[in-house]
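Chains, contacts and geometry: an overview
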Amino acid sequence: MTDNTEKKATITLDAANSDRQYPAYQLSINAMSGENSGHGYRLMGPKYVGRSRNIRTVELSQRDVDEIRAILDEVFPTEVVVNCADVEMENGESLRSLAVGDDLDLDEPAAGLRPGTWRVMEQTDEGTARMRRLSDKEIRAARSAESFARMYD
């Protein structure tokens with residue numbers, strides 16, 4: 001069965017309480033599939049308590065999404081090309097010792113890479129590597145697969 005419902009992205013501003021003197025607002029980004037179904041992420045404000053009142057919902061256009069993604073990629077890039085010699089690992093070796101598909105966990109920034117888990121996507125003959133930052137979801141899935149594989153070793 002296929003889902004023919006068109007999805008859209010929205011930004012929503014809600015009044016999270018009814019206190020006129022000290023109002024609390026909630027801002028969220030949502031993936032909507034239909035009039036009232038979807039999921040979202042709270043960007044600001046208190047957690048949803050079931051009595052918030054919608055003040056404004058704006059549907060994002062493709063241009064809005066492209067501009068937001070450009071800003072996020074500028075500040076939190078998912079892919080970075082680095083000089084392998086600029087990244088020294090705990091064992092003293094450079095990034096060159098990793099193979100394509102290997103992961104690198106960083107606790108501190110190094111050579112333009114923010115702390116987090118990065119995967120080697122490509123190694124070049126010029127001594128550079130293209131790295132991609134893994135999402136929390138990808139990290140959880142990899143850890144789950146790793147622990148599952150260890151059960152059968």
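This text follows the structure it describes.
These notes cover the structure that comes with them. (Residues numbered from 1 in each chain as written. Predicted model: local features only at pLDDT ≥ 70, side-chain atom pairs only at ≥ 80, totals over all residues. Heavy atoms only, no water.)

Attention now goes to the pattern of salt bridges. For the structure on display, the rule yields five salt bridges. Notably, a salt bridge pairs E79 with R130, separated by 3.0 Å at the nearest N-O pair. Here the residue E79 occupies a position in strand 5 (residues 79-83), and R130 occupies one in strand 8 (residues 128-133), the gap between them amounting to 51 residues. The salt bridge involving E122 is made with R130; its shortest N-O contact spans 3.3 Å. Overall, the relative accessible area of 36% leaves E122 in the partly exposed class. Judged by its relative accessible area of 26%, R130 falls in the partly exposed class. (Salt bridge = Lys/Arg side-chain N within 4 Å of Asp/Glu carboxyl O. Helix = DSSP H or I, 4+ residues; strand = E, 2+ residues; numbered from the N terminus. Buried < 20%, exposed > 50% of the residue type's maximum accessible area, 1.4 Å probe, protein only.)

Attention now moves to the sheet that holds strand 2 (residues 25-33). Spatial strand order, 3-2-1-4: four strands in an open sheet with antiparallel pairing. The open sheet has two free edges, formed respectively by strand 3 (38-44) and strand 4 (53-59), since each of these has just one partner strand. Each neighbouring strand pair of the sheet contributes to a mean axis angle of 25°, computed without reference to strand direction. Taken together, the nine bridges between strand 1 (residues 7-15) and strand 2 define a ladder with antiparallel strand orientation. (Pairing = 2+ DSSP bridges. Axes fitted to C-alpha atoms, helices over the stretch in contact; angles between N-to-C directions.)

All right, on to the sheet that holds strand 6 (residues 103-106) then. With antiparallel pairing, the four strands of this open sheet are ordered in space as 5-8-7-6. Each edge of the sheet is formed by a strand with only one pairing partner; in this case those strands are strand 5 and strand 6. Shown here is a sheet whose adjacent strand axes are inclined to one another by a mean of 35°, direction ignored.

Our next topic: unusual backbone geometry. A positive phi angle is found at A111, which is not glycine, with a value near 50°. Mapped onto the fold, A111 is located in the loop between strand 6 and strand 7 (116-123). The exposure class of A111 is partly exposed, given its relative accessible area of 35%.

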